[in-house]
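Residues per chain, in single letters:
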Amino acid sequence: MIQVSNLSFGPAANPILQGIDAEIPAGRVTALIGPNGAGKSTLLKLIARQLTASSGRIRMDGMDLAQTVPAQLACKMAVVAQHLSVASRVRVRDLIGFGRWPHSAGRLGVADHAAIANAVELFDLGDLQTRFLDELSGGQRQRAFIAMAYVQDTDWLLLDEPLNNLDLHHARNLMAQLRHLTELQGRGIVIVVHDLNYAISWSDHVVALRDGKVAFQGPVAAAATAERLSALYQTPVAITRLGGQPFAQYHR
Ligand SMILES: Nc1ncnc2c1ncn2[C@@H]1O[C@H](COP(=O)(O)OP(=O)(O)OP(=O)(O)O)[C@@H](O)[C@H]1O
Ligand SMILES: [Mg+2]
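Residues numbered from 1 in each chain as written. Chains lettered and ligands numbered in written order. Predicted model: local features only at pLDDT ≥ 70, side-chain atom pairs only at ≥ 80, totals over all residues. Heavy atoms only, no water.

> What should I look at first to understand the site of ligand 1 in this one?
Around ligand 1 lies a shell formed by Ile16, Pro35, Asn36, Gly37, Ala38, Gly39, Lys40, Ser41, Thr42, Gln82, Glu161 and His194. Within the side chain of Ser41, one N or O atom sits 2.8 Å away from an oxygen atom of ligand 1. Within the side chain of Glu161, an N or O atom sits 3.5 Å from an oxygen atom of ligand 1. Protein chains bury 52% of the 640 Å² of accessible surface belonging to ligand 1 in isolation. Partitioning the shell around ligand 1 into residue classes produces three nonpolar, seven polar and two charged. (Near = heavy atom within 4 Å. Polar contact = N/O pair within 3.5 Å; in protein donor to acceptor, adjacent residues only side chain to side chain. Areas by Shrake-Rupley, 256 points an atom, 1.4 Å probe, with all protein chains shown as cover. Nonpolar A, V, L, I, M, F, W, Y, C, P; charged D, E, K, R; others polar.)

Right, here's the structure in full:
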């Protein structure tokens, strides 16, 4: 479990996150939702230790994250940021190989190559693996970074807007892969997502942020009601069922 306790970030007079208490279950897919500027990426960066909280505490599977060293963290969680910086002259396959660093210390062995090949297949990168990152489309590049995080083979995977740029085939494929990872391997996954239908039909759990605070959280079916989602986004959201799945209607 990721346990966030009384977490705040930013100047006291104008905090970006304030008094966040959240519990993110292990071995499940959790959607982190909320309007632009709510603090989703900031919370993810605090969990990833890319930022330091002004107060509060984060525990991951009982481990106080403030007390861990980077090498420990790299074996515990993999992170894909919302804005990917591209080292231009890196090939897709080499980028994915970087994800094996915590295991291989730079010398890729048989198991590492097998993990890379598996990721290439899972994320449909076969035709792209020898291409340079700066010669890819936005969605192709996004998939390469997700594959790099995947091969890190960590208990936790934190993905900030992984569906950004993905066409509907690759978006659905990614969500299916993430579900497999939780169901077959028991990995905990946190995704920031704006498309409510991906959030409510593929996630187990939801944490909703608004104005730097938790608006609501809990198991999706119970927590993500039409009333709460409408209030969260200040936009009418209706929830119906379609093909046995919840369906959010908010486009018009
Ligand atoms: N480096 C920074 N310095 C100052 N303020 C920042 C910084 N980064 C983000 N903020 C502010 O913090 C707030 C939360 O930003 P954050 O990026 O966490 O939002 P978000 O929920 O991820 O939004 P989005 O859906 O647009 O990605 C916003 O008001 C933003 O303007
Ligand atoms: Mg963001």
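> What am I meant to see in the coordination of the magnesium ion (ligand 2) here?
For a metal bound by four donors in a tetrahedral arrangement, the ideal donor-metal-donor angle is 109.5 degrees, while six donors in an octahedral arrangement ideally sit at 90 or 180 degrees. Protein-derived coordination of the magnesium ion (ligand 2) comes from Ser41 (OG) and Gln82 (OE1), at a distance range of 2.0 to 2.2 Å. With a gap of 41 residues between them, Ser41 in helix α1 (residues 40-47) and Gln82 in the loop between β6 (77-80) and α3 (92-98) connect regions that are remote in the sequence. Judged by its relative accessible area of 17%, Ser41 falls in the buried class. (Donors = N, O, S within 2.8 Å, 3.2 Å for Na, K, Ca; no water. Helix = DSSP H or I, 4+ residues; strand = E, 2+ residues; numbered from the N terminus. Buried < 20%, exposed > 50% of the residue type's maximum accessible area, 1.4 Å probe, protein only.)

> Help me understand the sheet that holds strand β7 (residues 156-160) in this model?
Strands belonging to one sheet form pairs held by backbone hydrogen bonds; the direction of such a pair is parallel or antiparallel. Strand order in the open sheet formed by six strands is β6-β7-β8-β3-β9-β10, and the pairing between neighbours is mixed. In this open sheet, the two strands that pair with only one neighbour each are β6 and β10 (213-219). For this sheet the average axis-to-axis angle between neighbouring strands, irrespective of direction, equals 15°. Where β6 lies against β7, four bridges are found, and the strand directions are parallel. In the sheet register, Val79 faces β7, and the bridge partner there is Leu158. On the sheet, α1 packs against β3 (29-33), β6, β7, β8 (188-192) and β9 (205-210) and is oriented at approximately 150° with respect to β7. Running over the sheet, helix α6 (residues 138-151) touches β6 and β7 and is turned about 175° from β6. (Pairing = 2+ DSSP bridges. Axes fitted to C-alpha atoms, helices over the stretch in contact; angles between N-to-C directions. Contact = heavy atoms within 4.5 Å.)

> What is the right way to look at the packing of aromatic side chains in this model?
Inspection of the entire model under this criterion finds one aromatic pair. Measuring from ring centre to ring centre gives 5.6 Å for Phe123 and Tyr150, while their planes differ by 70°; the resulting arrangement is edge-to-face. Of the two residues, Phe123 is situated in the loop between α5 (110-122) and α6 and Tyr150 in helix α6; the sequence distance between them amounts to 27 residues. The buried category is assigned to Phe123, whose relative accessible area is 3%. (Phe/Tyr/Trp six-rings, centres within 6.5 Å; stacked < 30°, edge-to-face > 60°.)

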